[in-house]
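Residue-level listing of the chains:
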Number of protein chains: 2
Amino acid sequence: MSAPTEPRRRGAAVETTVLDTTIALLAERGAAITVDDIAAASGVHKTTIYRRFETRERLVAAAIRRLGELEVPPVDASDPRAALEALAVSVAAALRSPRAGNILRAAIAASAATPELVALADEFFRDRYELAREPLQRLVDAGVIRRDLDAIIVWEQIVNPMHVRTLCGRSTGDDAARQLVELAVRGARP
Amino acid sequence: MSAPTEPRRRGAAVETTVLDTTIALLAERGAAITVDDIAAASGVHKTTIYRRFETRERLVAAAIRRLGELEVPPVDASDPRAALEALAVSVAAALRSPRAGNILRAAIAASAATPELVALADEFFRDRYELAREPLQRLVDAGVIRRDLDAIIVWEQIVNPMHVRTLCGRSTGDDAARQLVELAVRGARP
């Protein structure tokens with residue numbers, strides 16, 4: 001055989017390699033990466049990549065889904081207000097890295113090119129919001145946040161300004177993140 | 001000459017035709033449109049389009065900039081709180097149309113493919129935020145919103161959750177828009 005032979009690797013391992021390479025390239029170069037780039041960088045044949053992921057957009061989607069599984073910031077369990085603030089500061093810090101902007105834009109670009117991937121963007125954000133669910137519920141239980149509210153709205157008012165700033169190439173400092181928490185929690189007082 | 005002749009139109013008129021066609025196609029089909037699609041739908045030669053806009057991404061960027069100039073919702077001049085609410089409800093209504101989601105995603109996809117267009121996304125959002133500047137300043141002057149705050153943060157907490165929901169294929173109802181205003185304005189009280 002004249003074609004280069006691919007090392008025998010179990011399917012799951014190949015998938016992990018391809019996805020991790022895709023995440024690294026998205027973070028480094030942004031959404032403009034091609035399946036050829038990913039094949040070259042991962043050492044996995046392009047045809048293997050297409051067989052597993054069908055389209056470039058589905059591959060990007062799968063990579064972003066995997067990223068969501070990987071990056072889970074720790075939550076302080078004692079004071080729910082402090083936990084919410086720590087979470088907001090950690091989101092701001094994560095979004096300040098250039099890779100976060102590239103990955104956010106890549107996720108949205110993938111959903112722009114393939115409408116059924118809009119649900120992926122939704123899933124990605126909802127998964128992240130779940131991290132705030134517990135401290136928010138404890139703030140509701142403590143009477144700090146109104147009970148007649150879907151408390152996730154408070155979290156949207158904290159993190160969505162950070163997301164949109166990131167998409168616009170602007171960042172949120174730690175103090176600015178704390179200010180967003182302060183404003184949102186005050187606004188939701190009973 | 002066997003090639004089809006393009007009608008003589010002044011440069012500005014050709015640009016307007018191309019940009020309006022691009023907006024219509026982005027809104028209808030999303031970011032996946034090609035310059036061939038735009039050439040066919042606008043009746044302007046592809047080479048003319050490339051001569052004027054250089055790349056597909058720059059054309060999308062110019063179309064989105066033009067859209068920003070076109071759609072300016074009216075602002076009630078009497079009560080600044082009511083004006084802010086009316087503005088928020090009009091943003092929610094605009095974002096509920098499928099075209100808004102397609103155009104938002106297309107703007108971000110263009111900036112994902114061409115990093116220098118990230119500044120365009122920033123410009124686009126900032127232009128929109130300016131609409132809220134006047135009622136916000138009047139709320140500051142009336143002592144309803146803290147003076148030690150960049151009041152645009154209040155507007156980010158109102159509209160950015162709507163933007164991210166739109167990107168995720170979800171919508172914001174009029175009552176939900178009013179709730180975002182209520183929470184954000186309460187949070188920013190002195």
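Residues numbered from 1 in each chain as written. Chains lettered and ligands numbered in written order. Predicted model: local features only at pLDDT ≥ 70, side-chain atom pairs only at ≥ 80, totals over all residues. Heavy atoms only, no water.

## Concerning the overall build of chain A
Within chain A one finds nine helices and zero strands. Along chain A, helices and strands appear, N-terminal first, in the series α-α-α-α-α-α-α-α-α. The burial tally for chain A puts 50% of its 190 residues in the buried class. Long-range pairs, those at least 24 residues apart, make up 69% of the contacts in chain A with a sequence separation of at least 6. (Helix = DSSP H or I, 4+ residues; strand = E, 2+ residues; numbered from the N terminus. Buried < 20%, exposed > 50% of the residue type's maximum accessible area, 1.4 Å probe, protein only. Contact = heavy atoms within 4.5 Å.)

## Regarding the relation of the copies chain B and chain A
With an axial shift of 0.0 Å and an RMSD of 0.0 Å, the rotation relating chain B to chain A amounts to 180 degrees. Classification of the inter-copy transformation places it as that of a two-fold axis. Looking at the rotation axis and the C-alpha trace of chain B, the residue lying nearest is Gly187 of chain B, at 1.7 Å. Comparing contact sets, 100% of the residues at the interface of chain B also lie at the interface in chain A, consistent with an isologous, same-surface contact. (Least-squares fit on C-alpha atoms with pLDDT ≥ 70 in both.)

## Remarks on the interface of chain B and chain A
Each partner contributes to the interface: chain B provides 39 residues, whereas chain A provides 39 residues. Buried area between chain B and chain A, both sides added, is near 3,300 Å², and the carbon and sulfur share of it is 58%. In this assembly, chain B and chain A are joined by six salt bridges. Across the pair Glu156 of chain A and Arg165 of chain B runs a salt bridge, and its minimum N-O distance is 2.6 Å. On the surface where chain B and chain A come into contact, there are 13 residue pairs in polar contact (both at pLDDT 80 or more). Looking at the side of chain B that touches chain A, the elements that each hand over two or more residues are α6 (98–113), α7 (118–141), α8 (152–167) and α9 (174–187) of chain B. Looking at the side of chain B that touches chain A, the element that brings in the most residues is α8 of chain B, giving nine residues. By residue class, the composition of the side of chain B that touches chain A is 22 nonpolar, seven polar and 10 charged. (Buried area = accessible area lost by both parts, 1.4 Å probe. Salt bridge = Lys/Arg side-chain N within 4 Å of Asp/Glu carboxyl O. Polar contact = N/O pair within 3.5 Å; in protein donor to acceptor, adjacent residues only side chain to side chain. Nonpolar A, V, L, I, M, F, W, Y, C, P; charged D, E, K, R; others polar.)

## Describing the packing of aromatic side chains
Residues and elements named next belong to chain A. By the definition in use, this model includes two aromatic pairs over all chains. Between Phe125 and Tyr129, the ring centres sit 6.2 Å apart and the planes meet at 55 degrees, which makes this aromatic pair tilted. One end of the pair is Phe125 and the other is Tyr129, both in helix α7 (residues 118–141) and four residues apart, which spans about a single turn. Each member of the pair, Phe125 as well as Tyr129, carries the same accessibility label: buried. (Phe/Tyr/Trp six-rings, centres within 6.5 Å; stacked < 30°, edge-to-face > 60°.)

## Observations concerning the UniProt feature "DNA-binding region" (unreviewed entry) in chain A
Mapped onto this structure's residue numbering, the UniProt feature "DNA-binding region" (unreviewed entry) falls at residues 34–53 of chain A. Overall, residues 34–53 of chain A shows 80% helix and 0% strand. The separation of its end C-alpha atoms is 13 Å. (UniProt positions renumbered as here; feature names shortened; annotations may be inferred.)

## Observations concerning the nonpolar core
Counting residues in hydrophobic clusters, the biggest one holds 130 residues, and the most contacted among them are Trp155 and Ile158 of chain A together with Trp155 and Ile158 of chain B. In contact with Ile158 of chain B, not counting residues within four places along its chain, are Leu84, Ala88, Leu180, Val181 and Ala184 of chain B. (Core = buried A, V, L, I, M, F, W, Y, C linked by side-chain atoms within 4.5 Å.)

## Brief notes about the packing of helix α1 (residues 11–29) of chain B against helix α3 (residues 46–53) of chain B
Residue and element names in this part refer to chain B. Interaxial distance between α1 and α3 falls to 11 Å at its minimum, and their mutual angle equals 100 degrees. Judged by the inter-axis angle, α1 sits roughly perpendicular to α3. Across the interface between the two elements, Gly11, Val14, Glu15, Val18 and Leu19 from α1 touch Thr48, Ile49, Arg52 and Phe53 from α3. Of the residues belonging to the contact of α1 with α3, the class tally is five nonpolar, two polar and two charged. (Axes fitted to C-alpha atoms, helices over the stretch in contact; angles between N-to-C directions. Parallel < 35°, antiparallel > 145°, perpendicular 65-115°, else oblique.)

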